[in-house]
Amino acid sequence: MSSKFENAEEWGDNTSLVHSGYNPRDYFGFVNPPVVHASTVLYPDANTLETRAQKYTYGTRGTPTTDALCAAIDELEGSAGTILVPSGLAAVTVPFLAFLRAGDHVLVVDSVYYPTRHFCDTMLKKLGIETEYYHPSIGADIASLCRPNTRLVHLEAPGSNTFEMQDVRATAEAAKAHGAIVTMDNTWATPLYFKPLDFGVDISIHAATKYPSGHSDILMGTVSANDRCWAELKEATVTLGICGAPDDSYQILRGLRTMGLRLERHQQSALEIAQWLESRDDVAKVLHPALPSFEGHEIWKRDFKGASGVFSFILKSPDASSYKLRSHAFLDALKLFGLGYSWGGYESLAVPVNLGDRKLSKPTVEGPVIRLQIGLEDAVDLKRDLEAGFAAAAEAK
Ligand SMILES: *Cc1c(COP(=O)(O)O)cnc(C)c1O
């Protein structure tokens with residue numbers, strides 16, 4: 001696909017989001033790419049077919065629609081290539097399967113997205129691959145955990161639900177010095193607010209289900225690799241038979257066009273609400289990397305360009321026996337905030353957080369932890385909704 005402009009590398013992120021991935025001149029001038037539904041691709045003659053000497057060869061190996069999305073993601077991530085997979089979780093598991101083999105040792109951050117841990121503890125274990133969890137604050141000390149068979153080090157920052165920051169550059173450099181491949185789940189920040197490949201990560205993982213989709217209606221994952229890892233990653237997806245669906249790819253590309261604007265609003269409202277929560281007596285603590293009171297704030301400020309709209313807070317409660325009662329009373333009183341998993345859509349959501357899976361990085365909490373996704377509603381209305389939650393929690397006995 002031809003590029004529309006010559007100076008694309010000078011663009012700001014929003015310009016890139018609007019113009020990247022597809023040149024309207026490639027398809028009669030229509031602004032958006034066609035949605036190509038395909039298994040078979042026809043060849044003009046037997047020789048071309050036998051040598052597969054044409055751009056598109058089979059539906060699983062890419063179409064103009066999936067190419068447009070992959071090219072747009074590559075521009076954002078600064079990657080050599082991107083694969084599309086059917087969910088954000090598959091965006092973790094597919095590169096793990098691509099690079100790991102029996103006898104390997106994997107280092108995974110303890111504050112990882114829980115389904116990633118589940119995959120490591122069940123499927124990887126069954127395949128003869130050992131997973132060891134490390135503390136998110138480890139930094140260059142990751143070297144002390146690396147063994148001759150440590151093939152992969154996985155990062156996720158901020159951590160799931162409790163938002164621990166990681167020194168990505170220090171961790172990635174030390175891991176690579178030991179010959180490991182470094183993967184990072186970058187779903188929270190999106191490549192607009194953090195570009196893992198610029199910090200020494202080999203493979204950037206994104207649940208496109210979240211902000212790129214933006215409307216709670218698409219499941220997709222993207223995996224973007226640097227030069228060193230791209231060929232092996234691409235080969236693995238072809239081998240596994242995994243590919244992005246045409247309609248979903250189209251919708252994610254559509255979502256990307258407005259992602260920068262949406263994120264600005266998510267960021268602004270989330271920070272406003274986080275500060276407001278922090279000032280309240282009924283809140284013990286707010287876990288949001290952009291708050292100066294947050295432990296990982298300095299790292300966030302140094303390395304990240306922004307904060308998205310998901311964070312947690314601890315609802316102050318007198319004793320552990322009242323945690324569940326209070327948290328449920330709070331959640332059940334919410335009307336604008338829906339109770340449901342995932343995030344990144346236009347609507348606000350709240351969920352109770354379970355830290356039962358943590359081994360090394362279990363924070364001490366003075367009450368139940370509640371995670372909020374701040375949507376695109378007016379912040380004043382969201383605060384009013386949360387007020388009702390606090391009132392109900394105070395009443396709960
Ligand atoms: C949601 C999420 C995923 C998984 O995405 P799905 O599309 O729901 O499978 C992976 N990693 C992180 C950090 C997430 O928040």
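Residues numbered from 1 in each chain as written. Predicted model: local features only at pLDDT ≥ 70, side-chain atom pairs only at ≥ 80, totals over all residues.

1. Side note on the overall build of the chain
At step 1: For the chain, the helix and strand inventory stands at twelve helices and twelve strands.
At step 2: Against the 2.2 N^0.38 benchmark of 21 Å for 397 residues, the chain shows a C-alpha radius of gyration of 22 Å, consistent with a compact globule.
At step 3: Each principal axis of the C-alpha distribution contributes one length, and for the chain these read about 80 × 50 × 35 Å.
At step 4: When each of the 397 residues of the chain is scored for burial, the buried share is 49%.
At step 5: Intrachain contacts of the chain at a sequence separation of at least 6 include 74% that bridge at least 24 residues. (Helix = DSSP H or I, 4+ residues; strand = E, 2+ residues; numbered from the N terminus. Rg over C-alpha atoms; globule rule 2.2 N^0.38 Å. Buried ≥ 20, exposed ≤ 12 C-beta atoms within 10 Å, placed from the backbone. Contact = placed C-beta atoms within 7 Å.)

2. Here we look at the site of the ligand
At step 1: Within the structure, the ligand sits among 14 residues, and Ser87, Gly88, Leu89, Ala207 and Thr209 are positioned closest to it.
At step 2: Looking at the shell around the ligand residue by residue, the classes come out as four nonpolar, seven polar and three charged. (Near = placed C-beta within 6 Å. Nonpolar A, V, L, I, M, F, W, Y, C, P; charged D, E, K, R; others polar.)

3. Thoughts on helix 11 (residues 323–332)
At step 1: All of the buried residues in helix 11 are Arg326, Ser327, Ala329 and Phe330. Each buried residue of helix 11 lies within a common arc of 160° when the element is viewed along its axis, so the set occupies one face.
At step 2: Those residues of helix 11 hidden inside the fold are in contact with strand 9 (310–315), strand 11 (349–352), strand 12 (369–373) and helix 12 (379–395). (Arc of directions from axis to C-beta.)

4. Section: unusual backbone geometry
At step 1: Note the cis peptide between Ala157 and Pro158, where omega equals -5°.
At step 2: Structurally, Pro158 can be placed in the loop between strand 4 (150–156) and helix 6 (168–177).
At step 3: Phi at Asn161 takes a positive value of approximately 70°, unusual for a residue other than glycine.
At step 4: Position of Asn161 relative to the elements: it lies in the loop between strand 4 and helix 6.

5. Concerning the sheet that holds strand 1 (residues 81–85)
At step 1: Spatial strand order, 1-7-6-5-4-2-3: seven strands in an open sheet with mixed pairing. Looking along the sheet, the strands with just one partner apiece sit at the ends: strand 1 and strand 3 (130–134). Mean inter-strand twist for the sheet, computed between neighbouring axes without regard to direction, equals 20°.
At step 2: Summarising the sheet, strand 2 (residues 105–109) and strand 4 pair through four bridges and their orientation is parallel. Opposite Val108, over in strand 4, you have His154 as the bridge partner. (Pairing = 2+ DSSP bridges. Axes fitted to C-alpha atoms, helices over the stretch in contact; angles between N-to-C directions.)

6. Re the packing of helix 11 against helix 12
At step 1: The contact between helix 11 and helix 12 brings their axes to 7 Å, and the two run at 145°. Every pair of crossing elements has a handedness; the one defined by helix 11 and helix 12 is right-handed. Facing Arg326, Ala329, Phe330, Leu331 and Asp332 of helix 11, the residues of helix 12 in contact are Gly389, Phe390, Ala392, Ala393 and Glu395. (Left-handed = near helix turned anticlockwise from the far one by under 90°.)

7. Side note on the pairing of strand 4
At step 1: Burial within strand 4 is extensive, with seven of its seven residues counted as buried.
At step 2: Strand direction decides the pairing type here: strand 4 and strand 5 (residues 181–185), joined by five bridges, are parallel. By the bridge assignment, His154 is partnered in strand 5 with Thr183.
At step 3: Between the parallel pair strand 4 and strand 5, the chain is carried across by helix 6, and the sense of this crossover is right-handed. (Right-handed = clockwise from strand over helix to strand, strands pointing away.)

8. Thoughts on helix 8 (residues 227–240)
At step 1: The end-to-end C-alpha distance of helix 8 is 21 Å, a good match for the 20 Å that 14 residues give at a rise of 1.5 Å each.
At step 2: Residues Cys229, Leu233 and Thr237 constitute the buried set of helix 8. All buried residues of helix 8 fall inside an arc of 65° around its axis, so they share one side. Helix 8 presents Asp227, Ala231, Glu235 and Thr239 as exposed residues on the side facing more than 90 degrees away from its buried surface.
At step 3: Structurally, helix 8 contributes buried residues whose contacts are with strand 1, helix 4 (88–99), strand 5, strand 6 (203–207) and strand 7 (221–225). (Expected span 1.5 Å × (residues − 1).)

9. Thoughts on the sheet that holds strand 8 (residues 283–287)
At step 1: The five strands are arranged 8-9-12-11-10 in an open sheet whose pairing can be described as mixed. The open sheet has two edge strands with one neighbour each: strand 8 and strand 10 (338–339).
At step 2: Pairing analysis gives four bridges linking strand 11 to strand 12, with the strands arranged antiparallel. The partner of Val351 across the bridge, within strand 12, is Arg371.
At step 3: Against the sheet, helix 9 (residues 246–278) makes contact with strand 8 and strand 9, and its axis sits at roughly 150° relative to strand 8, the strand it touches most.

10. Some details on the domain arrangement of the chain
At step 1: Split by domain assignment, the chain resolves into domain 1 (9–255) and domain 2 (260–395).
At step 2: Inter-centroid distance (C-alpha atoms) of domain 1 to domain 2 is 28 Å.
At step 3: Across the contact, 32 residues belong to domain 1 and 33 residues belong to domain 2.
At step 4: Of the residues contributing to the side of domain 1 that touches domain 2, the split by class is 15 nonpolar, eleven polar and six charged. (Domains from an automatic or database assignment.)

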